[in-house]
Amino acid sequence: VSPSGIVGIVVNVSEHYSVVMSLLHKSFQVSAMLKKDGTFGTLSWPPQSGYRHALLSQIPMSEQLKVGDTIVTSGYSTIFPKGIAIGNIEKSTQVPEQYFYSISVILSTNFKNLRYVYVVSNIMKKEKTDLEQGTYKEVEE
């Protein structure tokens, strides 16, 4: 993460270096939510959107959205804790046949002048994934 918001996901490390999949990668996805009420969806980066924009999907049309509403991480994965800044709603378009919005998000992180980042490590990740895997195994048996 940067001081202004999320940057990407560490995908490989060595003793002195790491490789990060940037939010600006076509395969990047993160669980994101509206800060005001916790409604969550999936944020991704369509390459044609440029370095300052991303797309938030799966937000139902029943939600009352406003330009400027804050989007943050949901905390539903083991990668990012809840509440890390992602950006703000720039515009939303209704997708009637899907009953969801297509939401353009202005990213909090300006990747053109990004200099320093912080690595966030979830020290409880193993406990959570072990519990989830054990639960799924019990349900299947």
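Given the structure is predicted, the values throughout are model-derived calculations rather than measurements.

Each value, and the rule that gives it
- Residues numbered from 1 in each chain as written.
- Predicted model: local features only at pLDDT ≥ 70, side-chain atom pairs only at ≥ 80, totals over all residues.
- Heavy atoms only, no water.
- Helix = DSSP H or I, 4+ residues; strand = E, 2+ residues; numbered from the N terminus.
- Contact = heavy atoms within 4.5 Å.
- Polar contact = N/O pair within 3.5 Å; in protein donor to acceptor, adjacent residues only side chain to side chain.
- Pairing = 2+ DSSP bridges.
- Axes fitted to C-alpha atoms, helices over the stretch in contact; angles between N-to-C directions.
- Phe/Tyr/Trp six-rings, centres within 6.5 Å; stacked < 30°, edge-to-face > 60°.
- Lys NZ or Arg CZ within 6 Å of the ring centre and 35° of its normal.

### Overview of the environment of Ser 62
- Position of Ser 62 relative to the elements: it lies in the loop between β5 (53-60) and β6 (70-73).
- Taking C-alpha positions, Ser 62 is 8.4 Å from Tyr 99, a pair spaced 37 residues apart along the chain.

### Thoughts on the environment of Glu 90
- Residue placement: Glu 90 occurs in strand β7 (residues 85-95).
- Once the C-alpha coordinates of Glu 90 and Trp 45 are considered, the two residues, 45 residues apart in sequence, prove to be 14 Å apart.
- Among residues more than four places away in sequence, those in contact with Glu 90 are His 53, Val 67, Ser 104, Val 105 and Ile 106.
- Polar contacts involving the side chain of Glu 90 include one to the side chain of His 53, which spans 3.2 Å.

### Overview of the sheet that holds strand β3 (residues 29-34)
- In spatial order, the strands read β3-β4-β5-β8-β7-β6; together these six strands close into a barrel with antiparallel pairing. Neighbour-to-neighbour, the strand axes of this sheet turn through a mean angle of 40°, independent of strand direction.

### Brief notes about the packing of aromatic side chains
- In total, this model carries one aromatic pair according to the counting rule given.
- Between Phe 40 and Tyr 76, the aromatic rings sit 4.8 Å apart at their centres with planes inclined by 80°, giving edge-to-face as the arrangement. Remark: Tyr 76 occurs in the loop between β6 and β7 and Phe 40 occurs in strand β4 (residues 40-44); sequence separation between them is 36 residues.
- For Lys 112, the ring lying beneath its charged end belongs to Tyr 51, and the centroid distance is 5.2 Å.

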